[in-house]
Amino acid sequence: MAEQQVVADLRENCATPASLLRDVAAAMADEMCAGLEKEGGSRVKMLLSYVDKLPTGREEGLFYGLDLGGTNFRVLKVQLGGNDKHVISRESRELAIPPHLMSGSSSELFGFIASELAKFVADEEQGTSLSNGKTRELGFTFSFPVRQRSVASGTLVKWTKAFSIEDAVGKDVVAELQTAMQKQGLDMHVAALINDAVGTLAGARYYDEDVVAGVIFGTGTNAAYVEKANAIPKWEGELPNSGEMVINMEWGNFYSCHLPVTEYDQSLDNESLNPGEQIYEKLTSGMYLGEIVRRVLLKLSLQSSIFGEIDRTKLKTHFHLRTPHISAMHHDNTPDLKIVEEKLKEILEIAGTSLETRKMLVEICDIVTRRAARLAAAGLAGILKKLGRDGSVDKRRSVIAIDGGLFEHYAKFSKCLEATLIELLGEESSKFVVVKHADDGSGIGAALIAASQSQYR
Ligand code: ADP
Ligand code: MG
């Protein structure tokens, strides 16, 4: 039957046997070396973050963080106790970014952010505010590719995810934010510009010195890790005292001929805001998984009669089926798949499905998400391989901190990722590797890096 053929083809084209994943991991490690070798040496940009020291746990004082990801943005402040007291108190506020600001102008976006930040500061409880006239210090987590020349400046290389604000490309996003804050009369100094992967690394390292990498699986995906300064041939500046540098990989743009790219991925890419770019991200991150499933379902509805006579308006709407929806269907434990039935009806206006059809739906979610999780694990294996920490050379404990809504909320994704990493490393070597969920690393990490870079230290 036609519908079974569509699913069988999908299953075959999305297959990720361990041999393929090992090739992907090796390609990732190679691209990392190529990207470090020279500017433009790889699609994986391996950007210098200029973070040459990570928080130690000894930082003290009040610091702010601002996190602009793909969907939400968050403002927070932390009071750091120093030594082993760590975070004494924290407060945060999260807001959705109004969609029209994602494609408006730079000044509108940063104006909005600065005004929300000003409100957050204005609402501060008495007693936690700064004393003795010091300027507030802020770490800014900005999760888009930025070319940096110092820890507190950086020009936007390009937008990714759902953002496309032309006039911001090529501009220093710290200067844009600083100007917007001034307009709001907000006395705050941007001490560090990082992205969410670097923030996750910093936030986790603050508590555990064996953390070697921070990785995001949220709306998009990215990874950052600690590299030896003398292993970065493209670096022309003075080497830091620490002998280390955090590298912002921008691995979402990774590509290898080993990646199992299907017709659905190709059309998704062609019709995206950034065709040809971020292919690894488009296979593995939250913004896209629901959209891939939607494309499969649309094909099913056109080539078979399993959905009956339906209005395809919703099914044809790009990004209408979202990753949280497929996650809900995928985790449906009711005997007759009631949740799948509900979601199909509610979101896609497909009613009256048979149990068999609903089972097929769960399988499609499984195929797409397993592929994502297994490719994600291959990426992690690639980093460990590059560091010699895949069990081959270095037998120290290695912790990878992971954050992002996809990893946090999509249990079948995170379980499969962890199981696949063990499969790739082998039982023996995986004893040395720990995958840890770093809750809210990206927000707090920015404040922590601001603290370790602080002008008042
Ligand atoms: P950002 O990447 O914008 O910083 P998050 O890390 O919070 O944001 O990730 C948000 C993404 O996580 C969403 O785009 C969505 O794809 C995914 N997500 C959120 N909730 C769920 C869920 N319940 N199940 C699966 N994925 C989810
Ligand atoms: Mg985020």
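Structural data are supplied above this passage.
So, how was this worked out
Residues numbered from 1 in each chain as written. Chains lettered and ligands numbered in written order. Predicted model: local features only at pLDDT ≥ 70, side-chain atom pairs only at ≥ 80, totals over all residues. Heavy atoms only, no water. Helix = DSSP H or I, 4+ residues; strand = E, 2+ residues; numbered from the N terminus. Rg over C-alpha atoms; globule rule 2.2 N^0.38 Å. Buried < 20%, exposed > 50% of the residue type's maximum accessible area, 1.4 Å probe, protein only. Contact = heavy atoms within 4.5 Å. Areas by Shrake-Rupley, 256 points an atom, 1.4 Å probe, with all protein chains shown as cover. Core = buried A, V, L, I, M, F, W, Y, C linked by side-chain atoms within 4.5 Å. Axes fitted to C-alpha atoms, helices over the stretch in contact; angles between N-to-C directions. Left-handed = near helix turned anticlockwise from the far one by under 90°. Nonpolar A, V, L, I, M, F, W, Y, C, P; charged D, E, K, R; others polar. Pairing = 2+ DSSP bridges. Near = heavy atom within 4 Å. Polar contact = N/O pair within 3.5 Å; in protein donor to acceptor, adjacent residues only side chain to side chain.

This paragraph deals with the overall build of the protein. Check the secondary structure of the protein and you find 15 helices and 13 strands. The C-alpha atoms of the protein give 22 Å as radius of gyration, which agrees with the globular expectation for 457 residues (23 Å, within 12%). Projecting the C-alpha coordinates of the protein onto the three principal axes gives extents of approximately 75 × 50 × 40 Å. Across the 457 residues of the protein, 58% fall into the buried class. Once local pairs closer than 6 in sequence are excluded, the contacts in the protein between residues at least 24 apart make up 72%. As presented, the protein carries roughly 18,700 Å² of accessible surface, and 47% of it is formed by carbon and sulfur atoms.

As a further point, take the nonpolar core. Core analysis: the biggest nonpolar cluster contains 87 residues, and F217, M249, W251, L297, F413 and L417 have the highest contact counts within it. The element that contributes the greatest number of residues to this core is helix α11 (residues 355-386), accounting for 17 residues. In this structure L417 touches F217, A373, A376, A377, L380, I402 and F407, once residues within four positions along its chain are discounted. Judged by nonpolar contacts, the second largest core, of 37 residues, contains L66, L117, F120 and F144.

Okay, the packing of helix α6 (residues 263-270) against helix α8 (residues 286-303) next. Following both chains from N to C, one finds α6 and α8 inclined at 115°, their axes separated by 10 Å at the closest point. α6 and α8 meet at a crossing whose hand is right-handed. Residues E263, Y264, D265, S267 and L268 of α6 touch α8, and the partners they reach there are Y288, E291, I292, R295, V296 and K299. Its residues assigned to classes, the contact of α6 with α8 comprises five nonpolar, one polar and five charged.

Attention now goes to the pairing of strand β10 (residues 221-228). Working note: regular strand, side chains alternate between the two faces of the sheet. Burial of β10 is extensive: seven of the eight residues sit out of reach of the surface. Bridge count between strand β9 (residues 211-217) and β10: five bridges; the pairing is antiparallel. Residue A213 lies in a different strand from β10, and its bridge partner there is Y225. Between the antiparallel neighbours β9 and β10 lie three residues. Of the pairings in the sheet, the one linking β10 to strand β11 (residues 244-248) comprises five bridges and is antiparallel in character. Each residue of the ladder has a partner; that of V226, found in β11, is V246.

Before going further, it helps to spend a moment on the sheet that holds strand β1 (residues 47-48). Ordered by their spatial adjacency, six strands build an open sheet running β1-β11-β10-β9-β12-β13, and the pairing between neighbours is mixed. Bordering the open sheet on either side are β1 and β13 (433-437), each of which pairs with just one other strand. The pairing of strand β12 (residues 398-403) with β13 spans five bridges and is classified as parallel. When the sheet's bridge partners are listed, A401 is paired in β13 with K436.

In this section: the site of ligand 1. Neighbouring ligand 1 are 16 residues; G70, T71, T219, G286 and G405 lie closest to it. A distance of 2.8 Å separates an oxygen atom of ligand 1 from a polar backbone atom of T71. T219 is positioned such that a nitrogen or oxygen atom in its backbone is 3.0 Å from an oxygen atom of ligand 1. In isolation ligand 1 exposes 570 Å². Once the protein is present, 76% of that is buried. Elements that contribute at least two residues to the shell around ligand 1 include exactly α8, α9 (323-330) and α12 (405-409). The residue makeup of the shell around ligand 1, split by class, is four nonpolar, 12 polar and no charged.

Right, let's get into α9. With six of eight residues buried, α9 lies mostly within the body of the structure. If you follow the buried residues of α9, they end up packed against α8, α10 (338-348), α11, α12 and α13 (411-425).

It is worth spelling out the pairing of β9 at this point. The element β9 is extensively covered by neighbouring structure, given that seven of its seven residues are classed as buried. Here β9 runs beside β12; their pairing, made up of five bridges, is parallel. When the bridges of β12 are listed, V211 appears paired with V399.

Quick look at the sheet that holds strand β3 (residues 72-81) now. If you trace the five strands from one edge of the open sheet to the other, you get β4-β3-β2-β5-β8, paired in mixed fashion. The open sheet terminates on both sides in strands that have one partner only, identified here as β4 (87-96) and β8 (188-194). Geometrically, the sheet is characterised by an average inter-axis angle of 20° between neighbouring strands, direction not taken into account. Judged from the nine bridges that link them, β3 and β4 form a sheet pairing that is antiparallel. By the bridge assignment, R74 is partnered in β4 with E94. The sheet contacts of helix α3 (residues 106-122) involve β2 (60-68), β3, β4, β5 (136-142) and β8, and relative to β3 the element is tilted by about 40°. Packing of helix α4 (residues 173-183) onto the sheet brings it into contact with β2, β5 and β8, and relative to β8 it is tilted by some 155°.

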